[in-house]
Amino acid sequence: MKEPEHRIRAQYGASTVTVYQAYDPGIGLPAARDGRFPPAWKRDRMTWIKPSFLWMMYRCGWGTKEGQQTVLAVEITREGFEWALRHACLSHYAPGVHADRDDWKRQLTAAPTRVQWDPERDLHLQPLPHRSLQLGLSGDASRRYVDEWTVAIRDVTPLAAGIRAHVREGRTEQAAALLPEERPYPADDELLRHLRR
């Protein structure tokens, strides 16, 4: 069956969903150790969370890029994740979604969260025909993420390195077996009604 172009795929349970971020070890290691972001984490800037493990690997180069050497799996409440989606605006103007560019700009200014769709990636980090969700959090959403939504934080840098090693050695089946299981997220249509371009 053909994969829809815009769909949330994530690892989730009854009450939480896992998103990924990558940080400098000065932020990432204390966050994983303490299960919460340290005081050095800047609340006043936009932070982007990604439900796709492989898109995160593409973005951080398997945890090798400067300032992104610590890859975190952040377990957040589904209630918070869905609040963020309901209060989001697309990061770009889309005819048919917005009345006009001015309407989009007004929505973007007012929204505490924004959605960006980028090509999903395969094990070789090559683009796939369908898109992966990125969710930008600012202001109230950023504070909620840190203070209310975050349930647990794990350092998955060793997992990233292990999968990358398998891929480099041509062991794609072993690499694929280590990937987090990401499934279509429930209530996808309702949550994304205003966020599909």
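Note: the structure precedes this text.
A short tour of the structure in this document, coming up. (Residues numbered from 1 in each chain as written. Predicted model: local features only at pLDDT ≥ 70, side-chain atom pairs only at ≥ 80, totals over all residues. Heavy atoms only, no water.)

1. Some details on the packing of aromatic side chains
Phase 1: The full count for this structure, using the stated rule, is 9 aromatic pairs.
Phase 2: Look at tryptophan 41 and tyrosine 145: their rings are 6.3 Å apart centre to centre, the planes differ by 50 degrees, and that puts the pair in the tilted class. With tryptophan 41 in the loop between helix 1 (25-34) and strand 3 (47-49) and tyrosine 145 in helix 5 (residues 140-149), this residue pair connects regions lying 104 residues apart in the sequence.
Phase 3: A network of ring pairs unites the aromatic residues Tyr23, Phe37, Trp41 and Tyr145 as a single cluster.
Phase 4: The ring of tryptophan 83 carries arginine 144 above its face, with NZ or CZ at 4.2 Å from the centroid. (Phe/Tyr/Trp six-rings, centres within 6.5 Å; stacked < 30°, edge-to-face > 60°. Helix = DSSP H or I, 4+ residues; strand = E, 2+ residues; numbered from the N terminus. Lys NZ or Arg CZ within 6 Å of the ring centre and 35° of its normal.)

2. Topic: the environment of valine 19
Phase 1: When you line up the elements, valine 19 lands in strand 2 (residues 16-23).
Phase 2: Each C-alpha atom of the pair valine 19 and glutamate 169 lies 27 Å from the other, and the pair is 150 residues apart in sequence.

3. A short note on the sheet that holds strand 8 (residues 150-155)
Phase 1: Here 3 strands make up an open sheet; going across it, the order is 2-4-8 and the pairing antiparallel. At either end of the open sheet lies a strand with only one pairing partner, and these are strand 2 and strand 8. Taken pair by pair, the neighbouring strands of this sheet meet at an average axis angle of 25 degrees, ignoring direction.
Phase 2: When strand 2 meets strand 4 (residues 70-77), the two strands line up antiparallel, connected through 8 bridges. (Pairing = 2+ DSSP bridges. Axes fitted to C-alpha atoms, helices over the stretch in contact; angles between N-to-C directions.)

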